[in-house]
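# A closer look at the structure
One-letter residues, chain by chain:
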Amino acid sequence: MSGTRVRYVWVPVALVLVAIPVGFLYVHWSKSGPGTGLYSQVWSPDPVQGWWDPGRFYIPVQGVQGVFEAGQCIQCHEAITPGIVADWRASRHARLSNREPVACPDCHGADHQRLHLPTPEVCGACHAKQHGEFQDEARYGFPSHVLAMERAVDAKHFADKPKAEVQACVQCHSVATKCDSCHTRHRFDPAEARRPEACITCHSGPPHPDDDTYFASAHGRIVREEGDAWDWTKPLAKGNYKAPSCAYCHMDRGRHQVADKSLWKFGLLEVNPNTSGNRVLRERWVAVCMDCHEESQSRDWLAGLDAERKTAWGKLYAAEDLLKGLRSDDLLHPGPSERPPYPMDAPDALWPRARIGYYEGQASAFYNVSALERHYFEMWYFDNLGSYKAAAHGDTGGVTRGHAAMDRALVKIQFEAQALRTLGEAEQARDGQRSNPGDLWLAGPYTEANRAGN
Amino acid sequence: MRATRRRVLSGAVLLTMMVQVQAAPEPVAMGPFTQGECLECHAIRDPALVAQWRAGPHGAAADCVACHGERHGALPKARQDAACTGCHDGTVAHSYATSKHGVLVRIGRPDWTQPLSRGNYRAPGCAYCHQHEADHGDTMDPERGPAVRDWICSACHAPRYVREQLAAGDRLADVARLKLAEAQGVAARHPEGAAAVADLLEVAERHLRNVRLGAGHQSPDYQWWHGQPALDGDLIRLRGAVAQALREGAARQNTAGPDPDQPTAAGTGQEP
């Protein structure tokens, strides 16, 4: 073997051997900054983040010194915070039949200067089954509860925007970092968590109108009308409830893997619902529906949802094609180089481009973009996701409204795309000079404050 | 003699009756009452409360009957959220109803016979915060200062948590105000003046209000989806409208007679 040929072998091998540890070191470094997640080096947490992600950011109060027993905690806190003491007294933790009560120091620690807020691991020390299931959810990917905080802080717009603004995000995404999103402190009552209302603080609003679509469905209407009189202490099992709550279907038999049947992925991207893996998930859905309904009817409903998704993606792709056509002809206004760069993307400054669709990261491109891209973002993120939720929850009116909104958005995008083309072509024919928006997209107190903060 | 005895006896009976009448609580009719009739008694019995109501936000907008109904014994009803949401509907009610507080009140079956005092309720209804301790003004009026809020929230939350959360709400609203200021700046650059995009600015103001409602009522959904990204969308639409108008204006100018010194772009005369 000649020296040249040997070089073909050892140079790539050496490069790989260097690249792997360098990659690991880079990821380790990027995650070791003052924030958390992939961009932790570029941001520092807002002062309240400690309450949303206590495992990472909670700083115990230093004003009170001493190591206390439960009785002493209660003695003081009965006066300081009577509401939570009353709540705890009414909880199961306070009156266990077979052991001493689970009291303040068991979850918070006893040294007042080193107090902590309970993370899922703290709860998991006793509730091992539920915690194990909750952790296991990670293998179903995102969207899921257990990965919610990770995905929030790894979103490019989270790292980019003022931290005081994105505190609004982590309030819901804290479902991954503490258990009281559903089991409200200090009663932690499963009967409360089983009710659909327990979910709606986060599962509401334009991209996931779970509350509106569920309560408009036949299931939701029954629960709304009759649910107050039901015994919600019963487990989520066949025959116990006349109509299903959120948890009955999504956490059937009380399992804490909420995403274990996540087939259509929130409607965020087009999925093939009949891959071998997704057929397994379909069977899980059918099994849940069959607690009350016939098998054939259950399958028909799932097929109906598939059809709704296919129609929706037809509309969305039509809009994406129009946008991509404008992008190829450099007709988006402002163009990518005329607006602030895509967040957290260094090459974007050299190589600016518009992000269109799920795979290009348009979920983070909802600000500082052109009006047309924003129209598509709203069509995709609000109208389409709303329509998906309506179809999945059996809210036919919601499906009609969602699709009508998508139709209107598509017409608007077609109309404005044509106007951009006409204007662009006229400018081209006149003197070849493209209209420049000046600093219209780059100036303003918010845009400037955000840039200064990064 | 008999007559005297009868007189004494009847006098004694009458006296006993009078004493009994005085010892028993003053009999109060159940109603219905009109607003004027309410005030006739309560202006004397609870003058401070009536004065507070007159000076407060309801003084001009809602009378006694609006919240308490026309009959006595309706205090527990007036404490409930439903007493408020008849008027305060829409985003105000929805931002609260989707908060954890709103949910816990909705499903928790609170004992509304309890006074609106610390520790009496698992989660606060509208009146617990806004009419705390039977306040007939608005306890949450910013002019009352932060101490009263700290006191009310800290019945259930640690004092430092309360301070930090309220400060975070202020910061969140400040960010939204920056966005509205930016929107007003963009609108002012419209060739026909900000009035041409007044409708878009109005929507932005509504979204700023959503952020404030979300922060006040602790509804993440209003802080975020009905608030911050909605304001981002308003900024984009405003910029789009202004850019379009400037561009069309420039195009018209050029058709009228192109001036080689004048930049064709946007009419702002500024380089990117």
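It should be noted that the structure appears before, not after, this text.
Now for a description of the structure that goes with this document.

### Examining the overall build of chain A
For chain A, the helix and strand inventory stands at 21 helices and 0 strands. Counting over 454 residues, chain A shows a buried share of 48%. The long-range share in chain A, meaning contacts at least 24 apart out of those at least 6 apart in sequence, stands at 60%.

### What to know about a nonpolar patch on the surface
All names here are of chain A. Among the surface-exposed residues, Val6, Trp10, Val11 and Leu15 lie close enough to one another that they form a single nonpolar patch of about 370 Å² accessible area. By the element assignment, Leu15 lies in helix α1 (residues 3-30). Assessed through its relative accessible area of 57%, Leu15 is described here as exposed.

### A word on the pattern of salt bridges
For side chains of opposite charge, pairing can occur when their charged atoms come near one another. All names here are of chain A. Counted according to the given criterion, the structure contains 48 salt bridges over all chains. Between Asp345 and Arg355 there is a salt bridge, and its shortest N-O distance comes to 2.7 Å. In this pair, Asp345 is assigned in the loop between α17 (295-328) and α18 (346-350) and Arg355 in the loop between α18 and α19 (371-393), connecting sequence segments 10 residues apart. Here Asp431 makes a salt bridge to Arg430, at a shortest N to O gap of 3.9 Å. Several salt bridges converge on common partners, so that one network encompasses Asp252, Arg253, Arg255, Asp260, Lys261 and Asp291.

### As for unusual backbone geometry
All names here are of chain A. The step from Arg185 to His186 runs through a cis peptide bond, and the omega angle for that step is -5 degrees. With an omega dihedral of 5 degrees, the bond running from His333 to Pro334 counts as a cis peptide bond. Of note, Phe266 is a non-glycine position whose phi angle comes to about 65 degrees, a positive value. Judged by relative accessible area, which is 23%, Phe266 ranks as partly exposed. Within the chain, Met344 stands out as a residue other than glycine whose phi angle is a positive 55 degrees. Assignment of secondary structure puts Met344 in the loop between α17 and α18. Since its relative accessible area comes to 24%, Met344 is described here as partly exposed.

### Some points on the nonpolar core
Residue and element names in this part refer to chain A. Core analysis: the biggest nonpolar cluster contains 58 residues, and Tyr376, Met379, Trp380 and Tyr381 have the highest contact counts within it. No other element matches the 8 residues that α19 contributes to this core. Counting residues in hydrophobic clusters, the runner-up holds 25 residues, among them Tyr248, Met251, Val288 and Tyr388.

### Quick word on the packing of helix α4 (residues 70-80) of chain A against helix α5 (residues 82-89) of chain A
Residues and elements named next belong to chain A. Look at α4 against α5: their axes get within 6 Å of each other, and the N-to-C directions meet at 125 degrees. Taken as axis vectors, α4 and α5 run oblique relative to one another. Two secondary-structure elements touch here, α4 through Ile74, His77, Glu78, Ala79 and Ile80 and α5 through Pro82, Val85, Trp88 and Arg89. By residue class, the composition of the contact of α4 with α5 is 6 nonpolar, 1 polar and 2 charged.

Calculation notes
Residues numbered from 1 in each chain as written. Chains lettered and ligands numbered in written order. Predicted model: local features only at pLDDT ≥ 70, side-chain atom pairs only at ≥ 80, totals over all residues. Heavy atoms only, no water. Helix = DSSP H or I, 4+ residues; strand = E, 2+ residues; numbered from the N terminus. Buried < 20%, exposed > 50% of the residue type's maximum accessible area, 1.4 Å probe, protein only. Contact = heavy atoms within 4.5 Å. Patch = residues over 30% accessible without salt bridge, like charges linked within 9 Å, V, L, I, M, F, W, Y side chains within 5 Å. Areas by Shrake-Rupley, 256 points an atom, 1.4 Å probe, with all protein chains shown as cover. Salt bridge = Lys/Arg side-chain N within 4 Å of Asp/Glu carboxyl O. Core = buried A, V, L, I, M, F, W, Y, C linked by side-chain atoms within 4.5 Å. Axes fitted to C-alpha atoms, helices over the stretch in contact; angles between N-to-C directions. Parallel < 35°, antiparallel > 145°, perpendicular 65-115°, else oblique. Nonpolar A, V, L, I, M, F, W, Y, C, P; charged D, E, K, R; others polar.

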